[in-house]
Amino acid sequence: MTAARSVTSLLVALLGWPLLTSCSRPTWVKAARSGSLSELQSSVERSSREPSFGRRATRELATEILSRELSSADSVQPVTWVDELAPCARALQSQLRQRANKHDTIGGQCAELLIAGSTLAPHEATRYLADGSSTWRAVAARGAVSAELLAARQSALVDPAARVRRAALLAASRAPNQDELARLIELLRGDPEHDNRKLAAVALGAQGTREALLALRDQFPVAAAPLRLAVLDGLGLLARRLPEARNALTDLAQRDSGPLGLRASQLLLEQEPKSPVARSRLLQALRSADDLQQRQALELAQLDQPAELKEVSELASEPNESTAIAAMTRLLELPEGRSQTGERLRVLSQRPNPTGFLARRAMAGARLSSEPLARDLQQSGWAVERREAARMLWSVGDYVSVARALTDDAPEVRTAVACTVLATPE
């Protein structure tokens, strides 16, 4: 049996994914499957005018778009977007499985997405760990979550390829084993890839032991700032089991006035929403001169708390208009003053700059008006603006605009929007 057939039979046996069929297809399906982009754009434009075009048709179009992107992806050309399909992998099981039949780099990426929520049989893990491709060794590492595959995972943790170590670290977080403590500490301290060191911190947190707590506390003072945030995430996991970890987060929230203290407060609030220390630190961040801290704190603020509502209201008049728009977006959650806040956003939305785009997106999200954001989707020269506009328009049910985004000239817009659509429960 070839490796390609092996992964197909494995995935079918494990998860029993069905192939999707349909007796009737929309008129744009042929263009989506074999036509040019311009043909698809014309077909979708015509179909979207029909009264029957709605959420279901948009989901079907998103599926067809990603199916073709996957089937036509060539490993000769670097492809980075396959890994970004994780949020919508469940809805793309058949398409990912079909692409995994091809034993190349992209096929391996698809197989890893599919195996992320399952496990491998021992003989399959052994086969893939011996593969010359690091992508397929990563498939073995990602699926090594059962006790009998611990040795295979430990082998993957010392693999020379960063992708394989990454997959093994993800598996270690999912199925922690104390026998890996020493190796996780080594990776936390010295893996050449910064992202892997961050994953090692989280994997240590998943261990739930005092030994892991000591390792994270020892590393925190000497780690660079981005890694410190990951260490805090590990402490957040430990805090669910160990009072000492929660005490460490509380201490940091009290004494650090920067991003680390704010992140420690956020982790405390996840477990104790009324934590006095965390809520006090949140107020401090709302009053900070640091725009980034202010915007992070705005996301966490509880508007039923008078002190926090007061700070959010004051930030709505902040000279930094990005921060002001973020504050107004929160205030739109309240019925009181909604019309006044909406009018302020409407004025800002008329600006032909990034501030105007943020205001138009906020108005659409609050269901005040989505037409200006729909025009951004058609007229903006920035792919990132078209992508974010489409994502917001999907959340408010503007399916015609989202369908246009699914046929955008930029492939990164098409794939990102399609995955957003399919990641949403039906």
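Cut-off values and rules
- Residues numbered from 1 in each chain as written.
- Predicted model: local features only at pLDDT ≥ 70, side-chain atom pairs only at ≥ 80, totals over all residues.
- Heavy atoms only, no water.
- Helix = DSSP H or I, 4+ residues; strand = E, 2+ residues; numbered from the N terminus.
- Rg over C-alpha atoms; globule rule 2.2 N^0.38 Å.
- Buried < 20%, exposed > 50% of the residue type's maximum accessible area, 1.4 Å probe, protein only.
- Contact = heavy atoms within 4.5 Å.
- Expected span 1.5 Å × (residues − 1).
- Axes fitted to C-alpha atoms, helices over the stretch in contact; angles between N-to-C directions.
- Parallel < 35°, antiparallel > 145°, perpendicular 65-115°, else oblique.
- Left-handed = near helix turned anticlockwise from the far one by under 90°.
- Nonpolar A, V, L, I, M, F, W, Y, C, P; charged D, E, K, R; others polar.
- pLDDT = per-residue confidence, 0-100.
- Disulfide = S-S within 2.5 Å.
- Salt bridge = Lys/Arg side-chain N within 4 Å of Asp/Glu carboxyl O.
- Polar contact = N/O pair within 3.5 Å; in protein donor to acceptor, adjacent residues only side chain to side chain.
- Phe/Tyr/Trp six-rings, centres within 6.5 Å; stacked < 30°, edge-to-face > 60°.
- Lys NZ or Arg CZ within 6 Å of the ring centre and 35° of its normal.

**Some details on the overall build of the protein**
Thought 1: For the protein, the helix and strand inventory stands at 26 helices and zero strands.
Thought 2: Over its C-alpha trace the protein gives a radius of gyration of 24 Å, about what one expects of a compact globule, namely 22 Å for 426 residues.
Thought 3: Residues classed as buried in the protein amount to 51% of the 426 residues present.
Thought 4: Once local pairs closer than 6 in sequence are excluded, the contacts in the protein between residues at least 24 apart make up 61%.

**A few points about helix α24 (residues 383-395)**
An α-helical turn contains 3.6 residues, so any two residues separated by three or four positions project in the same direction.
Thought 1: Compared with the 18 Å implied by 1.5 Å per residue over 13 residues, the 19 Å span of α24 between its first and last C-alpha is a close match.
Thought 2: Among the residues making up α24, those that are buried are Glu-385, Arg-386, Glu-388, Ala-389, Ala-390, Leu-393 and Trp-394.
Thought 3: Looking at the packing, one finds that the buried side of α24 touches α4 (55-72), α22 (354-365), α23 (371-379), α25 (399-405) and α26 (411-423).
Thought 4: Once α24 finishes, Gly-397 follows within two positions and takes phi at roughly 85°, a positive value.

**What about the side chain of Ser-349?**
Thought 1: Assignment of secondary structure puts Ser-349 in helix α21 (residues 338-349).
Thought 2: Overall, the relative accessible area of 9% leaves Ser-349 in the buried class.
Thought 3: Contact partners of Ser-349, with chain neighbours within four places excluded, come to Gly-356, Ala-359, Arg-360 and Met-363.

**Quick word on the packing of helix α16 (residues 259-271) against helix α17 (residues 276-286)**
Thought 1: The contact between α16 and α17 brings their axes to 9 Å, and the two run at 140°. Relative to α17, the element α16 lies oblique. For the crossing formed where α16 meets α17, the hand is left-handed. Taking contact as the criterion, the partners of Gly-261, Leu-262, Ser-265, Leu-268 and Leu-269 in α16 are, on α17, Ala-278, Arg-279, Arg-281, Leu-282 and Ala-285.
Thought 2: Considered class by class, the residues forming the contact of α16 with α17 number six nonpolar, two polar and two charged.

**Looking at the confidence of the model for the protein**
Thought 1: Per-residue confidence for the protein gives a mean pLDDT of 90, with 93% of residues at or over 70.
Thought 2: Across residues 10-23, confidence stays below pLDDT 50; counting only partners more than four residues off in sequence or on other chains, it has 23 contacts.

**Section: the packing of helix α20 (residues 321-331) against α22**
Thought 1: Axis separation between α20 and α22 bottoms out at 10 Å; the angle between their running directions is 5°. One element, α20, and the other, α22, form an angle in the roughly parallel class. On the side of α20, the interface is formed by Glu-321, Ser-322, Ile-325 and Thr-329, while α22 contributes Thr-355, Leu-358, Ala-359 and Ala-362.
Thought 2: When grouped by side-chain class, the residues that make up the contact of α20 with α22 number four nonpolar, three polar and one charged.

**Focus on the state of the cysteines**
A covalent bond between the sulfur atoms of two cysteines is what we call a disulfide.
Thought 1: Under the criterion given, the structure shown has one disulfide.
Thought 2: One disulfide in the model links Cys-88 with Cys-419; its S-S distance is 2.2 Å. Disulfide Cys-88-Cys-419: torsion about the S-S bond near -110°, hence left-handed. Taken together, the residues span a long stretch of sequence, with Cys-88 in the loop between α4 and α5 (93-100) and Cys-419 in helix α26 at a distance of 331 residues.
Thought 3: Classification of Cys-88 as buried rests on a relative accessible area of 1%.
Thought 4: Using a relative accessible area of 5% as the deciding quantity, one classes Cys-419 as buried.

**Some thoughts on the pattern of salt bridges**
Thought 1: Evaluated as defined, the whole model comprises 29 salt bridges.
Thought 2: One salt bridge connects Glu-112 with Arg-166, and the closest N-O pair in it is separated by 3.4 Å. Linking Glu-112 in helix α6 (residues 105-115) with Arg-166 in helix α10 (residues 162-174), this pair joins segments that are 54 residues apart in sequence.
Thought 3: For Glu-112, a relative accessible area of 2% translates into the label buried.
Thought 4: Assessed through its relative accessible area of 30%, Arg-166 is described here as partly exposed.
Thought 5: A salt bridge links Asp-251 to Arg-255, with the shortest nitrogen-to-oxygen separation between them at 2.7 Å. Residue Asp-251 and its partner Arg-255 are located together in helix α15 (residues 243-255), separated by four residues, close to a single helical turn.
Thought 6: Residue Asp-251 is classed as partly exposed on the basis of its relative accessible area, which comes to 38%.
Thought 7: Note on Arg-255: relative accessible area 58%, which makes it exposed.
Thought 8: Overlapping salt bridges, with partners in common, bring together Asp-83, Glu-112, Arg-142, Arg-163 and Arg-166 in one network.

**Let's talk about the side chain of Asp-376**
Thought 1: Looking at the secondary structure, you find Asp-376 in helix α23.
Thought 2: Reaching out from Asp-376, the side chain makes a polar contact with the side chain of Arg-360 at a distance of 2.5 Å.
Thought 3: When sequence neighbours within four positions are dropped, the list of residues in contact with Asp-376 reads Phe-357, Arg-360 and Arg-386.

**Thoughts on the packing of aromatic side chains**
Thought 1: Taken as a whole and assessed by the stated rule, the structure comprises two aromatic pairs.
Thought 2: Consider the rings of Tyr-128 and Trp-136, whose centres lie 5.6 Å apart with planes at 40°: the pair is tilted.
Thought 3: Given a relative accessible area of 0%, Tyr-128 falls into the buried group.
Thought 4: Looking at Trp-136, the relative accessible area reads 0%, which means it is buried.
Thought 5: Of note, Arg-228 hangs over the ring of Phe-220, and the distance from its end group to the ring centre comes to 5.1 Å.

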